[in-house]
Amino acid sequence: MEKIVENLYRIKEKVAAAQAVSGYNEEIELIAASKNQPPESLLMLASEGSVTVFGENKVQEYMTKKDTGLTFDIIGRLQTNKVKYVVGNVRLIQSVDRFELLQEIEKKAEKRGIIQSVLMEVNSGGEENKGGVLPENIRSFAELFLDCPHVKLEGIMAVAPIADENTLRRLFENVREKFELLKTDLSGIKYLSMGMSEDYETAIKCGSNMVRLGRALFGENSRSIIK
Ligand SMILES: *Cc1c(COP(=O)(O)O)cnc(C)c1O
């Protein structure tokens, strides 16, 4: 447990150092990617005050943790038949990557009489085995949101391949550029969720304002068995 707090403070220093050379001065939000972590770890981390939102991959696991009263985002692939369990209950669904999912969120949000905030998931490296909208399709996918008044698009969540620093920089900078364009096209775009334990410093240098950290916070053994 103390280890997690130690990790948190080391991460905060690295985040500040990366931001200092980034040329951007937006506030950077640290999300704890809390898959496989027990609720007690989440509560302990929350009590430190620097992390206020927890990202869960699986709806089933989220359901076992929601009684903590903490704030959650969904960051993993979301099946349409699970949408009903999260709409109206999570802050952001970060992984909206296909029309079918967008439509289902719209339907359930309308039924509940709420507006659900979401991010568009972008497959920054164009990897075939990953979900996410391709960078060149960001704009056309964003247009689909215009017909969904109960879904509010608030930004982009980017997933990146395992790659060297230069490749990552190129991919992240491309996403940041697309993010800027989206901001000029639509109001309410503010989050660029980009960077995980391996690459968050690079992502921040390229303009990320939200990083999702699992292993860097909770330790190596938290490596996901659930994708
Ligand atoms: C697990 C996960 C993370 C965190 O990964 P780490 O490499 O452990 O920091 C971030 N985003 C998503 C979508 C994840 O599934």
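The structure displayed is predicted, hence computed values, not measured ones.

Give me the packing of aromatic side chains: which residues, what numbers.
Counting across every chain of the model gives three aromatic pairs. Note on Tyr 62 and Phe 72: the rings are 5.4 Å apart at their centroids and 75° apart in plane angle, and the pair reads as edge-to-face. Taken together, the positions of Tyr 62 in helix H3 (residues 59-65) and Phe 72 in strand S3 (residues 71-74) put the pair 10 residues apart, joining distant regions of the chain. Considered together, Tyr 62 and Phe 72 belong to a single accessibility category, that of buried residues. Seen in terms of ring centroids, Phe 141 and Phe 145 are 5.6 Å apart; in terms of plane orientation they differ by 85°. Their pairing is edge-to-face.

Got a sec to walk through the packing of helix H1 (residues 2-20) against helix H2 (residues 39-48)? Specific residues and values, please.
Viewed as axis vectors pointing N to C, H1 and H2 meet at an angle of 45°, and their least axial separation amounts to 10 Å. Judged by the inter-axis angle, H1 sits oblique to H2. The way H1 lies across H2 gives a crossing that is right-handed. Taken together, the residues of H2 that come into contact with H1 (itself represented by Ile 4, Val 5, Leu 8 and Tyr 9) are Ser 41, Met 44, Leu 45 and Glu 48. Of the residues in the contact of H1 with H2, the class split is six nonpolar, one polar and one charged.

Outline H1, listing residues and values.
Spanning 19 residues, H1 covers 28 Å between terminal C-alpha atoms, matching the ideal 27 Å at 1.5 Å per step. When H1 is considered as a whole, its buried residues turn out to be Ile 4, Val 5, Asn 7, Leu 8, Ile 11, Val 15 and Ala 18. Down the axis, H1 shows its buried residues gathered within 150° of arc, on one side only. When the buried face of H1 is taken as reference, the exposed residues oriented beyond 90 degrees from it are Glu 2, Glu 13 and Ala 20. Buried-residue contacts for H1 involve strand S1 (29-33), H2, helix H8 (200-205), strand S8 (210-213) and helix H9 (215-218).

Break down the site of the ligand for me, with residues and values.
Around the ligand, the structure places Ala 33, Lys 35, Asn 57, Ile 75, Met 196, Ser 197, Arg 212, Leu 213, Gly 214 and Arg 215. The contact in question runs from an oxygen atom of the ligand to an N or O atom on the side chain of Lys 35, over 2.8 Å. With the chains in place, 89% of the 390 Å² that the ligand exposes on its own is no longer accessible.

Parameters at a glance
- Residues numbered from 1 in each chain as written.
- Predicted model: local features only at pLDDT ≥ 70, side-chain atom pairs only at ≥ 80, totals over all residues.
- Heavy atoms only, no water.
- Phe/Tyr/Trp six-rings, centres within 6.5 Å; stacked < 30°, edge-to-face > 60°.
- Helix = DSSP H or I, 4+ residues; strand = E, 2+ residues; numbered from the N terminus.
- Buried < 20%, exposed > 50% of the residue type's maximum accessible area, 1.4 Å probe, protein only.
- Axes fitted to C-alpha atoms, helices over the stretch in contact; angles between N-to-C directions.
- Parallel < 35°, antiparallel > 145°, perpendicular 65-115°, else oblique.
- Left-handed = near helix turned anticlockwise from the far one by under 90°.
- Contact = heavy atoms within 4.5 Å.
- Nonpolar A, V, L, I, M, F, W, Y, C, P; charged D, E, K, R; others polar.
- Expected span 1.5 Å × (residues − 1).
- Arc of directions from axis to C-beta.
- Near = heavy atom within 4 Å.
- Polar contact = N/O pair within 3.5 Å; in protein donor to acceptor, adjacent residues only side chain to side chain.
- Areas by Shrake-Rupley, 256 points an atom, 1.4 Å probe, with all protein chains shown as cover.

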